[in-house]
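Survey of secondary and tertiary structure
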Amino acid sequence: MARARSDSPLLFEIIEKPDFSFETKAMADGLWPVAGMDEAGRGPLAGPVVAAAVVLDPANIPDGLDDSKRLSHLQREALFLRILGSAQAISMASISAEGIDGSNILKASLEAMRRALVGLSVQPKLALADGRDVPPGLPCEGRALIKGDQRSQSIAAASIVAKVMRDRMMCGCGNHHDRYGFEVHMGYATVRHRTAIEAHGPVARLHRVSFAPFRLGGAEVNEEESFVGLE
């Protein structure tokens, strides 16, 4: 007799941690190196989308790898340094706000991941991508993993590298445009950010003017506050 399924909530939330099982299976199938790919910055109103590709050393995987969103700033920074010091290969690429406006955020994110992968110093035989889509034009086999940064340590490492690098870029933008607070909100649509946009207008080549708040509001772009360094 089948046991009835309980609809009571779990006493403790089960949090899955990424492991190396996808990579180990690929190695057993003769697919090595394996690169993990992820991006940071899909949702913000400003700044680039940044992607990273990482090939971990199976014999030297840093402890604590996880989805970058589940880590604190200090944890990400510490793991970033450990990844740099232990991985077999790391590459990063970005698509500027202008590039995003010229296509769309999904295409820009996938293209950033493709660029990061082809920039690796080793040629992977398999690329694991976070999300539902495999970037087109990869030089090797690609597989998409939904919530991959919570399932694969290689993708988790890439998510940390992409997040840390993008945050540092946005802090640089904050130093250049001190009226917007980019170093605090990283370009996301916080109250402070939206208030600054209303007061000063969007920054040319830094704000994503194809995004809804700008298209619906018809804000005038502030050319004097332009920032060209995010290509």
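Residues numbered from 1 in each chain as written. Predicted model: local features only at pLDDT ≥ 70, side-chain atom pairs only at ≥ 80, totals over all residues. Heavy atoms only, no water.

**Observations regarding the overall build of the chain**
Helix and strand content of the chain: 8 helices and 5 strands. The N-to-C order of helical and strand elements in the chain reads α-β-β-α-β-α-α-β-β-α-α-α-α. Relative to its full complement of 231 residues, the chain shows a buried share of 48%. (Helix = DSSP H or I, 4+ residues; strand = E, 2+ residues; numbered from the N terminus. Buried < 20%, exposed > 50% of the residue type's maximum accessible area, 1.4 Å probe, protein only.)

**Description of the nonpolar core**
M37, A53, I95, I100, L117, L120 and A127 are the most contacted members of the largest nonpolar core, which totals 25 residues. When contributions to this core are tallied by element, the ones reaching two or more residues are β1 (34–40), β2 (49–55), β3 (89–95), α4 (105–118) and β4 (126–130). Take this core: its biggest share by element is 6 residues, from α4. Not counting chain neighbours up to four residues away, the residues in contact with L117 comprise A35, M37, A53, P124, A127, L138, P139 and C140. Judged by nonpolar contacts, the second largest core, of 19 residues, contains A52, L65, A87 and I160. (Core = buried A, V, L, I, M, F, W, Y, C linked by side-chain atoms within 4.5 Å. Contact = heavy atoms within 4.5 Å.)

**Examining unusual backbone geometry**
Cis geometry marks the peptide bond from W32 to P33; its omega dihedral reads 10°. Residue placement: P33 occurs in the loop between α1 (21–28) and β1. Phi angles above zero are rare outside glycine, and K147 is one such case at about 55°. One can find K147 in the loop between β5 (141–145) and α5 (153–176). The backbone of R205 shows a phi angle near 65°, a positive value even though the residue is not glycine.

**Some words on the sheet that holds β4**
Spatially, β3-β2-β1-β4-β5 is the arrangement adopted by the 5 strands of the open sheet, whose pairing is mixed. Looking at the sheet topology across the chains shown, the edges are occupied by β3 and β5. Neighbouring strand axes in the sheet, compared pairwise and without regard to direction, differ in orientation by 20° on average. Pairing of β4 with β5 involves 5 bridges; the strand directions are parallel. What sits directly across from D130, in β5, is L145. The sheet strands contacting α4 are β1, β2, β3 and β4, and the helix crosses β3 at an angle near 150°. (Pairing = 2+ DSSP bridges. Axes fitted to C-alpha atoms, helices over the stretch in contact; angles between N-to-C directions.)

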